[in-house]
Amino acid sequence: QVQLVESGGGSVQAGGSLRLSCVASGRNFTFRDYAMGWFRQTPGKERELVATVSWTGGFTYYSAGVAKGRFTISRDNSENTVTLKMNSLQPEDTAVYYCAADRLRTGNRLSPQYWGQGTQVTVTS
């Protein structure tokens, strides 16, 4: 069983920054075999892709509709972690952010097999 655990959410004022982290673990789980991504979801809306990072970190993808050049995704395969650094946060960034893993795809094709439970990000005016 694969477990993804997010942390780093919280409340910030508009223009502030947050760093979200996700730690992956599980028996017979090899972190480097999975492309990783971050999604977000607000009440009444569908879950949206934010950013992805490929298996070795050499390729990153950002959804312009949600990231708009303000977010940075990275991974550390020695620590089984993926990070989303968010700058210049705006109220519309308020959402539950989810970490996810896909064995086969990255970029805008990310279709995860595993999901974390999410961490709340709230941005106030």
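Up top you'll find the structure we're talking about.
Residues numbered from 1 in each chain as written. Predicted model: local features only at pLDDT ≥ 70, side-chain atom pairs only at ≥ 80, totals over all residues. Heavy atoms only, no water.

1. Here we look at the side chain of Thr-119
1) Next: Mapping Thr-119 onto the fold places it in strand β11 (residues 119-124).
2) Next: Among the polar contacts listed, one links the side chain of Thr-119 to the backbone nitrogen of Gly-9, at a separation of 3.2 Å.
3) Next: With residues up to four places along the chain from it excluded, the contact list for Thr-119 reads Glu-6, Ser-7, Gly-8, Gly-9, Leu-20, Ala-95, Val-96 and Tyr-97. (Helix = DSSP H or I, 4+ residues; strand = E, 2+ residues; numbered from the N terminus. Polar contact = N/O pair within 3.5 Å; in protein donor to acceptor, adjacent residues only side chain to side chain. Contact = heavy atoms within 4.5 Å.)

2. A look at the sheet that holds strand β8 (residues 81-86)
Sheets are built from strands that pair by backbone hydrogen bonding, the pairs being arranged parallel or antiparallel.
1) Next: Pairing is antiparallel in the open sheet, where four strands are placed in the order β1-β3-β8-β7. Strands with a single pairing partner mark the edges of an open sheet, and in this sheet they are β1 (2-7) and β7 (71-76). Between one strand axis and the next, the sheet turns through 15° on average, direction left out of account.
2) Next: As defined by bridge partners, strand β3 (residues 18-26) adjoins β8 across six bridges and the pair is classed as antiparallel. Bridged to Ser-21 within β8 is Thr-83. (Pairing = 2+ DSSP bridges. Axes fitted to C-alpha atoms, helices over the stretch in contact; angles between N-to-C directions.)

3. Section: the side chain of Ser-54
1) Next: Its location among the elements puts Ser-54 in the loop between β5 (48-53) and β6 (60-62).
2) Next: Accessibility expressed as a relative area gives 7% for Ser-54, which makes it buried.
3) Next: Within polar-contact distance, the side chain of Ser-54 engages the backbone nitrogen of Gly-58 at 3.3 Å.
4) Next: In this view, Ser-54 contacts Ala-35, Phe-59, Arg-75 and Thr-106; residues no more than four positions away in its chain are not counted. (Buried < 20%, exposed > 50% of the residue type's maximum accessible area, 1.4 Å probe, protein only.)

4. Topic: the nonpolar core
1) Next: In terms of nonpolar packing, the biggest core is built from 28 residues, with Met-36, Trp-38, Leu-84, Met-86 and Tyr-97 touching the most fellow members.
2) Next: If you list the elements that add at least two residues to this core, you get β1, β3, β4 (35-41), β5, β7, β8, β9 (95-102) and β11. (Core = buried A, V, L, I, M, F, W, Y, C linked by side-chain atoms within 4.5 Å.)

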